[in-house]
Amino acid sequence: MVNTAQWSGGREMEPPSSGAPRFRGAPVTVRPGESLVSALSRRGLPILQRSIRYHRPRAPFCGVGACTQCLVRVNGQPNVRACTYRPLPGDRIETENAWPSPTNDLLGVLDLLFWRGIDTLHGFRRPRSAAPVYHRIIRRLAGYGRAADTVPTTPVGAPVVRSTAVLVIGGGPAGRAAAGRLSENRAETLWIDAGPLPDSPPGVTALPRTRAIFLPLPDPAAETPFQLLASIDGVRAASIRARRVIVATGGFDAGLLFPGSDRPGVMTAEGALSLAVPGDAPPFARALIVGGGERAALLLERFGTFVEAVVAPGAIDPVVVERASALGVPLYPRSLLRGVQGRRRVRSAHVAHRGAKERFELRCDAILLAHRRVPNAQLLFQAGVRMHWRGAGGAYFPVIDHDLTTSVPGLFAAGELAGFTGTEAIEASGRSAAEASLGRPASLDALPARVPADGPHELEGYYRELLSGQFASGKLVACACEDVLLEEIRHAVRDGYRGIEVVKRYTGVGTGLCQGRYCLPDALLLLSILEGRPPESIGYITQRPPVFPTALSTFASLSDCAAPGGS
Amino acid sequence: MIAPARPEYRVVVVGAGVIGLYTAYHLLKGGFGPVLVVDRGFLSSGASGRNGGGVRQQWETQATVRLARESVAAYRRFGSDFGYNVWFRQGGYLFLASSAAEVGQLRSVHAVVQKEGLASRLLAPNEVPRYAAGLALDGVHGASFLRSDGTLYPFPAIWGLYEAIRSLGGEVLLGTEVLSVARDAGRVSGVSFVNGSVKTSVVVNAAGGWSKEFSARAGLAVVNQPSRHEILATEPLKPFLDPMVVRLSDGLYFSQTMRGEIVGGLTVPHPPGIGAGMATSPHFLTSMARALSTLVPRLRSLGVLRAWSGFYDDTPDGLPVIGEDPRLTGFVHANGFGGHGFMLAPAAAQRVAKSVMGEGTDLDPAMFAPGRFLGAPSPATVERLQLG
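Residues numbered from 1 in each chain as written. Chains lettered and ligands numbered in written order. Predicted model: local features only at pLDDT ≥ 70, side-chain atom pairs only at ≥ 80, totals over all residues. Heavy atoms only, no water.

1. So, the domain arrangement of chain B
All names here are of chain B. What the domain assignment reports for chain B is domain 1 (8-49 + 155-224 + 317-373) and domain 2 (89-148 + 225-314). The C-alpha centroid of domain 2 is placed 30 Å from the C-alpha centroid of domain 1. Between domain 1 and domain 2, the residue contacts involve 16 residues of the former and nine residues of the latter. Around 970 Å² of area is buried between domain 1 and domain 2 when both sides are counted, 56% of it from carbon and sulfur atoms. At the junction of domain 1 and domain 2, the tally comes to zero salt bridges. (Domains from an automatic or database assignment. Contact = heavy atoms within 4.5 Å. Buried area = accessible area lost by both parts, 1.4 Å probe. Salt bridge = Lys/Arg side-chain N within 4 Å of Asp/Glu carboxyl O.)

In structure tokens form, the structure reads like this:
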């Protein structure tokens, strides 16, 4: 899935009046098609949000409209993702959950006051007569934006309703290869992606800017067993019925836990790429790239002169070494981040070689996470596909047959999502899935190599060291959406609560706006270490629809979702 | 714990939901151990971890109001009794009636509730905004409100009970299914698991949505019927809604949690039974979104964060089943709570424990005893307020 796309931000807007969009009262220059975050970043990385519990300053992180760190209020409507919202003339943009501003927020004192955290599980119980007061205070602190001032009047538009023989989800290399092969075979094909799509091959209908949000369990008895719900531009609903589905949603750049990992300036590779169009200077001058693989190479290519160093938990690929040495960027393989200086903006990072006690300080103003890709597998989980843990990938991947069939008949997984690496293998898997969806015998004698299923992920060693280390001060925020601290997870395990499903309910980890996207992959590794059993026995949380938060009005506009047993 | 510590228990409770745990707690408090609680899932994997957290005292039947009232008192004390804060917030329950007949139903509920000394109020449509602002009131014919009703977080209640049971010497065996109930001369004599068995003379069926299945494993046909109900949560907002709002006509209910999310559901038809699993249906998402955004128009653009479902454990008369099964000595029912086990658990489980311990309870057998469904042509009393 092309995840760097920008769309209108998933909110119905009041009809715009005229004049430049205004951010906190001041006009802001926005180029056509540009996101608010990108526009504001020309003046430096903006702090748009305060965190939900401790009011810690937060700056844009994910760049794909999934995390909690850039919510703003637009024309009286709350919780608009500034990284994917494209301002229109006349828009009035305010910040939320901070006073007087997210940069200087009085309630930021909570972070210092409750330096060891707020225990809402055991605290605030006494005296009993104070309960109503506690309730009032804690409720006021919770939540992000205020409910909408007015009822949005712009209609979301009639839903797009389609039916097709084959549905291809994902516009990356695997999806493109699948759509191409289906076109050659003149198969009736619909091709969607959350972002833009290239010119579609003949006979293939493309629906760009269409984000798949819910792929329910198929109805094997129906002529079109699959029904996909999607949102177009984050607002308009789409309902697509299909006989066969090829899911090629790729992966996303994962988060990483270290002391200060929620500080402004720490962001995913996708987040960094969304900040500025190529050719424009990014809102950082000395970035630390974390990771030594393909994504790190891409960031080096894009941000070369703005990169201070490359730090990788494991080894560093030759292509990264080559590019970095051409730029004169120092490399730190097999190293970990022991801490970050800077409260409202990363100022430096403490780095240590793995196994070594001494740490050294690297000056930097951004930390770009490019160390790990995790499959975008939510749709497969929703559709009931059997998944298995692939150790070296450190994540759950679909169990697939030699022809890319999943455990759900008619549903195929291809590309990075299915664990393939390298453009050649990814494209071959897309073509093969297309053949299989047409009922042809597998075109590949053998599947291309996938992420190895055995062997520990390189972060397991990393986190073992992190957990055995001593952190004198500061919070380790294991779930940034809900401000869940690593210490709370440790406590839960110590008190006998085991497995991710229970620890999620006990601590709230993974229950925020990103639905665990940026904390669960690592929480599994952390729990595996804390509980002393392999990650695959920690379980996984049920992936609940929708994949991305979707407006009530988008769902409400759909009328063809009949009751079970209906037509 | 992965295996029971003893070969024999005085009581085995099947189901580690709020009913089973509260029952075990009351038994241990009464000195009626050793007690083993067994559950096939993890803690809070069933309805006790899937409900909307509502606790109300507005019911049609006086006995239910009494149990609910006692339960409200217990939840107010929960923090001091169990060390966990369930954030029981008494923001009230607002029932909306959409027809004259429904107004009539609220009026009779009001009469019963008042008789129990609770200050519920009947509201005209124009009084509703004082309790919940921003509702589209066309179609609302009347309402009722009781301030001392409220909402809580179900999870900490489960943790608190779990820890209390363990510190009283009880055992909780998770991830273990009870496969059969052994009998000896018409009495319960033990239960067996995949890899072992224990002796006991009392089994409590507190299996919630799985209670029908479990009774069948003991050779007992029961009238309980599990049904799937769906629920969703939205993105968190600053507090703007105090009460739980329930609409009688379609079962729409929603409240705003301490975290700011709107959590609520709506009754959509599903075939009975647990076979279809706990998946979310597109039909629920669309009908719930339509109902909620029509009643509260300014929430239209609010994002749905996640949706899930769970099982009610319904009975024909809408009342729970509490007490020993007349067909099998030692087999005690603590089920049939519909979708309202959490609301009644503290008080109801105390009666379950009393009946296990051979003490009498104040419950009318014609309303609550398992025998009421055996041979009787139709139940004597019916509780129809099965919403929210």
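2. Quick word on the nonpolar core
The nonpolar side chains of a soluble globular protein tend to be buried with one another. In this structure, Leu228, Ile246, Leu337, Ile367, Leu411 and Tyr463 of chain A are the most contacted members of the largest nonpolar core, which totals 113 residues. Per-element tally for this core: the top contributor is helix 13 (residues 520-531) of chain A, with seven residues. In contact with Leu337 of chain A, other than residues within four places in its own chain, are Leu256, Phe258, Pro259, Leu288, Val290, Ala349, His350, Val351, Ile367, Tyr462 and Leu466 of chain A. Formed by 83 residues, the second largest nonpolar core is a distinct cluster that contains Leu121 of chain A together with Ile19, Trp59 and Leu385 of chain B. (Core = buried A, V, L, I, M, F, W, Y, C linked by side-chain atoms within 4.5 Å. Buried < 20%, exposed > 50% of the residue type's maximum accessible area, 1.4 Å probe, protein only. Helix = DSSP H or I, 4+ residues; strand = E, 2+ residues; numbered from the N terminus.)

3. Some thoughts on the pattern of salt bridges
Residue and element names in this part refer to chain B. Within this structure, the stated rule accounts for 47 salt bridges over all chains. The partner of Arg66 in a salt bridge is Glu116, with the nearest N and O atoms 3.1 Å apart. Within this pair, whereas Arg66 is found in helix 2 (residues 62-82), its partner Glu116 is found in the loop between helix 3 (100-115) and strand 6 (121-123), the two being separated by 50 residues in sequence. By relative accessible area, Glu116 is classed as buried at 13%. As a salt-bridge pair, Glu127 and Arg121 come within 3.8 Å of each other at their nearest N and O atoms. With a relative accessible area of 21%, Glu127 lands in the partly exposed category.

4. Some words on the domain arrangement of chain A
All names here are of chain A. Domains assigned within chain A are domain 1 (22-141), domain 2 (160-252 + 374-437) and domain 3 (257-369). Here the C-alpha centroids of domain 1 and domain 3 sit 26 Å apart. Facing the 22 residues of domain 1 at the interface are 19 residues of domain 3. For the pairing of domain 1 and domain 3, the buried interface totals around 1700 Å² over both sides, and the portion due to carbon and sulfur atoms is 50%. On the domain 1 side of the contact with domain 3, Leu45, Pro57 and Phe61 bury the most area, a combined 33% of that side's loss. The interface formed by domain 1 and domain 3 contains four salt bridges. One salt bridge connects Arg56 with Asp262, and the closest N-O pair in it is separated by 2.6 Å. For the side of domain 1 that touches domain 3, the elements supplying multiple residues, two or more each, are helix 1 (36-41) and strand 4 (57-58). Among the elements that line the side of domain 1 that touches domain 3, the one with the most residues is helix 1, at three residues. Its residues placed into classes, the side of domain 1 that touches domain 3 shows nine nonpolar, seven polar and six charged. (Nonpolar A, V, L, I, M, F, W, Y, C, P; charged D, E, K, R; others polar.)

5. Digging into the interface of chain A and chain B
With 68 residues of chain A at the contact, the number on the chain B side is 58 residues. For the pair chain A and chain B, the summed buried area comes to about 5500 Å², and 59% of that belongs to carbon and sulfur atoms. When the buried area of chain A at its contact with chain B is split by residue, Arg139, Arg505 and Leu552 of chain A rank highest and sum to 17% of it. For the pair chain A and chain B, the interface holds three salt bridges. Arg259 of chain B is the salt-bridge partner of Glu482 of chain A, the closest N and O atoms lying 3.1 Å from each other. Linking chain A with chain B are 33 residue pairs in polar contact (both at pLDDT 80 or more), by the criterion used here. By residue number, the principal contributor to the side of chain A that touches chain B is helix 3 (residues 131-141) of chain A, which donates six residues. Counted by class, the side of chain A that touches chain B contains 35 nonpolar, 19 polar and 14 charged residues. (Polar contact = N/O pair within 3.5 Å; in protein donor to acceptor, adjacent residues only side chain to side chain.)

6. Topic: the sheet that holds strand 17 (residues 307-311) of chain A
An order of 15-22-16-17-18 (chain A) is seen for the five strands of this open sheet, with the pairing classed as parallel. Edge positions in the open sheet fall to strand 15 (266-268) and strand 18 (331-332) of chain A, since each of these has one partner strand only. (Pairing = 2+ DSSP bridges.)

7. Remarks on the pairing of strand 20 (residues 348-353) of chain A
Residues and elements named next belong to chain A. For strand 20, a buried count of five out of six residues is recorded, marking the element as mostly surrounded by other parts of the structure. In the sheet, strand 19 (residues 335-341) pairs with strand 20 via six bridges, with the strands oriented antiparallel. From the neighbouring strand, Leu337 faces strand 20, where its bridge partner is Val351. Hairpin connection of strand 19 to strand 20: six residues between the antiparallel strands, including Gly342 at a positive phi of 110°. In this sheet, strand 21 (residues 359-363) lies alongside strand 20 in antiparallel orientation, the contact comprising five bridges. Residue pairing for strand 21: Ala352 is matched across the bridge by Arg359.

8. Examining helix 4 (residues 173-184) of chain A
All names here are of chain A. When the terminal C-alpha atoms of helix 4 are compared, their 17 Å separation across twelve residues agrees well with the 16 Å that a helix rising 1.5 Å per residue should span. The buried fraction of helix 4 is high, at nine of twelve residues. When helix 4 is considered as a whole, its buried residues turn out to be Ala174, Gly175, Ala177, Ala178, Ala179, Gly180, Arg181, Leu182 and Ser183. Where helix 4 is buried, its residues touch strand 8 (160-169), strand 9 (189-192), strand 10 (204-207), strand 13 (236-247) and helix 9 (423-437). Directly after helix 4, the chain includes Arg186, whose backbone phi takes a positive value near 50°. (Expected span 1.5 Å × (residues − 1).)

9. Re the pairing of strand 5 (residues 93-97) of chain B
Along a regular strand, successive side chains alternate from one face of the sheet to the other. All names here are of chain B. Along strand 5, five of the five residues are buried, which leaves the element largely enclosed by surrounding structure. Burial along strand 5 is two-sided: the residues Tyr93, Phe95 and Ala97 and Leu94 and Leu96 are all buried. Inspection of the sheet shows strand 5 paired to strand 7 (residues 142-146) by five bridges, in the antiparallel sense. Considered in strand 7, the bridge of Leu94 is made with Phe145. Relative to strand 15 (residues 244-247), strand 5 runs parallel, the two sharing four bridges. Note on strand 15: the bridge partner recorded for Tyr93 is Met244.

10. A look at the packing of helix 4 of chain A against helix 9 of chain A
All names here are of chain A. Close contact between helix 4 and helix 9 brings their axes to 7 Å; oriented N to C, the two are set at 40°. As far as their axial angle goes, helix 9 and helix 4 are oblique. Both helix 4 and helix 9 take part in a crossing whose hand is right-handed. Across the interface between the two elements, Pro173, Ala174, Ala177, Ala178, Arg181 and Leu182 from helix 4 touch Ile426, Glu427, Ser429, Gly430, Arg431, Ala434, Glu435 and Ser437 from helix 9. Its residues placed into classes, the contact of helix 4 with helix 9 shows seven nonpolar, three polar and four charged. (Axes fitted to C-alpha atoms, helices over the stretch in contact; angles between N-to-C directions. Parallel < 35°, antiparallel > 145°, perpendicular 65-115°, else oblique. Left-handed = near helix turned anticlockwise from the far one by under 90°.)

11. As for the side chain of Asp313 of chain B
All names here are of chain B. Secondary-structure assignment places Asp313 in strand 18 (residues 303-314). The charged side chain of Asp313 is buried without a salt bridge, its nearest counter-charge being Lys212 at 8.1 Å. Within polar-contact distance, the side chain of Asp313 engages the side chain of Ser211 at 2.8 Å. When near neighbours in sequence (up to four residues on either side) are disregarded, Asp313 contacts Gly208, Gly209, Ser211, Asn224, Gln225, Asn335, Gly336, Phe337 and Gly338. (Lys, Arg positive; Asp, Glu negative; His and termini not counted.)

12. A word on helix 12 (residues 500-507) of chain A
With eight of eight residues buried, helix 12 of chain A lies mostly within the body of the structure. What helix 12 of chain A keeps buried is the set Ile500, Glu501, Val502, Val503, Lys504, Arg505, Tyr506 and Thr507 of chain A. Taken together, the buried residues of helix 12 of chain A touch strand 28 (484-485), helix 11 (486-494) and helix 13 of chain A together with helix 4 (154-167) of chain B. Note on helix 12 of chain A: the residue one or two positions beyond its end, Gly508 of chain A, has a positive phi of about 90°.

13. Points about empty space enclosed by the protein
All names here are of chain A. Going through the model one piece at a time under the given rule, you end up with nine cavities of 30 Å³ or more. Roughly 370 Å³ of volume is contained in the largest cavity. Lining the largest cavity are 34 residues, and of these Gln378, Gln515, Arg517, Tyr540 and Gln543 sit closest to its centre. Among the elements of the structure, strand 23 (373-375), helix 8 (378-382), strand 25 (395-398) and helix 13 are those that each provide at least two residues to the lining of the largest cavity. The residue makeup of the lining of the largest cavity, split by class, is 20 nonpolar, ten polar and four charged. Put simply, the second largest cavity is a space of about 270 Å³. Val477, Ala478, Ala480, Tyr518 and Cys519 are, among the 20 residues lining the second largest cavity, the residues nearest its centre. Class assignment of the residues belonging to the lining of the second largest cavity gives a composition of 14 nonpolar, four polar and two charged. A domain split of the lining of the second largest cavity shows at least three residues from each of domain 1 (22-141) and domain 3 (257-369). (1 Å grid on protein atoms, 1.4 Å probe; cavity = no way out; pocket = protein on both sides within 12 Å on 5 of 7 lines; lining within 4 Å. Points joined across faces, edges and corners; volume = space filled by probe spheres on them.)

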